[in-house]
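Topology and contacts: notes
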Amino acid sequence: MQNIDLHQRCQDYLQRSLGTNLRILHAEPLTQSSRLAPWRLDAEVEGEKRSYVLRLGGEGCHHEYEFLRAMQSLPIPTPRVYDWDAEGTALGVPCLLSDYIFGDSLLAPVLAGEAWAEDLYLDAVCQLQSITLEQLAPVADLLADCQSAADVLEYANEYFQENSHPIAEKAYARLRATMPKLPELCFSNGDLWLDNFLVRDRQLAGIIDFENAGFSDPLFEFLLSFFIRPELKQRGLIERYCQRMHLDPGALPWYHGLEYFDTLHWVLKLGKPFEQYSAQVLEAALEEWLRATG
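Quick caveat, the model's predicted, so the values are computed rather than measured.

Calculation notes
- Residues numbered from 1 in each chain as written.
- Predicted model: local features only at pLDDT ≥ 70, side-chain atom pairs only at ≥ 80, totals over all residues.
- Heavy atoms only, no water.
- Helix = DSSP H or I, 4+ residues; strand = E, 2+ residues; numbered from the N terminus.
- Rg over C-alpha atoms; globule rule 2.2 N^0.38 Å.
- Buried < 20%, exposed > 50% of the residue type's maximum accessible area, 1.4 Å probe, protein only.
- Areas by Shrake-Rupley, 256 points an atom, 1.4 Å probe, with all protein chains shown as cover.
- Lys, Arg positive; Asp, Glu negative; His and termini not counted.
- Charge placed at Lys NZ, Arg CZ, Asp CG, Glu CD.
- Core = buried A, V, L, I, M, F, W, Y, C linked by side-chain atoms within 4.5 Å.
- Contact = heavy atoms within 4.5 Å.
- Pairing = 2+ DSSP bridges.
- Patch = residues over 30% accessible without salt bridge, like charges linked within 9 Å, V, L, I, M, F, W, Y side chains within 5 Å.
- Salt bridge = Lys/Arg side-chain N within 4 Å of Asp/Glu carboxyl O.
- Axes fitted to C-alpha atoms, helices over the stretch in contact; angles between N-to-C directions.
- Left-handed = near helix turned anticlockwise from the far one by under 90°.
- Nonpolar A, V, L, I, M, F, W, Y, C, P; charged D, E, K, R; others polar.

1. Quick notes on the overall build of the protein chain
Check the secondary structure of the protein chain and you find 11 helices and 10 strands. Here the C-alpha atoms of the protein chain give a radius of gyration of 21 Å, agreeing with the 19 Å that 2.2 N^0.38 yields for 294 residues. Seen along its three principal axes, the alpha-carbon backbone of the protein chain occupies a region of about 65 × 40 × 35 Å. When each of the 294 residues of the protein chain is scored for burial, the buried share is 49%. Total accessible area on the protein chain is roughly 14500 Å²; 48% of this is exposed by carbon and sulfur atoms. Looking at charge distribution, the protein chain has the averaged site of its 24 positive side-chain charges lying 4 Å from that of its 44 negative ones.

And the structure:
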């Protein structure tokens, strides 16, 4: 953003998108979490300092733009979106402009075991997953690819059908044979990782990252944070979530097996670990899971 021409093009783009004169004061890339790293733009708008997020990308940004627009009328704080430049006319690549939400990640206080943070996380997730198809009518055409836990299992197994793996074959057979009654699909932003929940003064400031928003298995989605940070599993949060959502906690061992199975397929397919999970770690976890559930 230090390039003078690029700086001017960004400023012109913001002015057109917001419909007002402004001056960009500062630009910096945001720390990458589970998303592609966007840019934060601070600007002087009508004598006030305001901050925006500029994301450069393709179809994922368009998906996020449409869902965030649909979310504006719902009582859940999300970034306001201003423009989706699909053709890249402003900066040479497709880009999405939205508000920057001031707040801190919910990860640190939840890891610290702060009760208010745990309650807020459960409240926010349950509120998000209570959104109905009717409330998302404006984006109904983007909801065709709903994914159940059974879909996750079969999609991962397609990889192992072409890439033989003895442990995965045993795990698939066990998962198929012991599949519990699966819950109805619920809405999610597609990434319930704690960094995507921003708080300010112990209140929810906003939920971000709707690039993969849609309807999916609610328990499989919820377990992501606990998969990445296993130390959270002993807090009783999963059990409290199951109670609030009327889900059977007895199905948790099956879902843990699915997590290992699905992640192993991605790690092998992409050729790199996911967080602390290497292929060797996942294979050992699946072997232990097979013994525990045998």
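2. Observations concerning the nonpolar core
Ranked by internal contacts, the top residues of the largest apolar core, which has 78 residues, are M71, L106, L128, L136, F187, Y241 and F261. Setting aside residues no more than four positions away along its own chain, F187 makes contact with F67, M71, L128, Q129, I131, L136, F210, A213, G214 and F215.

3. Topic: the sheet that holds strand β9 (residues 203-207)
One open sheet holds the 3 strands; their spatial order is β6-β8-β9, and the pairing between them is antiparallel. A strand with exactly one partner marks an edge of an open sheet, and here the two such strands are β6 (104-105) and β9. Of the strand pairs in this sheet, strand β8 (residues 197-200) and β9 are connected by 4 bridges, and their pairing is antiparallel. Paired with L198 across the two strands is G206, which belongs to β9.

4. Some words on a nonpolar patch on the surface
On the surface, Y155, W266 and L270 cluster together into a nonpolar patch covering about 300 Å² of accessible area. Turning to its location among the elements, W266 is positioned in helix α10 (residues 252-270).

5. Observations concerning the pattern of salt bridges
Pairing between side chains of opposite charge can happen when their charged atoms approach one another. In the structure shown here, the tally under the stated rule is 13 salt bridges. Ionic pairing is found between E48 and R50, a salt bridge with its closest N-O pair at 3.8 Å. According to the relative accessible area criterion, R50 is partly exposed, its value standing at 34%. The residue R55 makes a salt bridge to E64 at a minimum N-O spacing of 2.1 Å.

6. Examining the sheet that holds strand β3 (residues 48-56)
The 5 strands are arranged β1-β2-β3-β5-β4 in an open sheet whose pairing can be described as antiparallel. In this open sheet, the two strands that pair with only one neighbour each are β1 (22-29) and β4 (81-85). Neighbour-to-neighbour, the strand axes of the sheet open up by a mean angle of 20 degrees, direction not taken into account. In this sheet, strand β2 (residues 39-45) lies alongside β1 in antiparallel orientation, the contact comprising 7 bridges.

7. Quick word on the packing of helix α4 (residues 115-129) against helix α9 (residues 237-245)
The relative placement of two packed helices comes down to the angle between their axes together with the axis-to-axis distance. Closest axis-to-axis distance for the α4/α9 pair is 11 Å, and the angle between their directions is 35 degrees. In this structure, α4 crosses over α9, and the sense of that crossing is right-handed. Seen from α4, the contacting residues are E118, D119, L122, D123, V125, C126 and Q129; seen from α9, they are L237, R240, Y241, R244 and M245. Classifying every residue of the contact of α4 with α9 gives 6 nonpolar, 1 polar and 5 charged.

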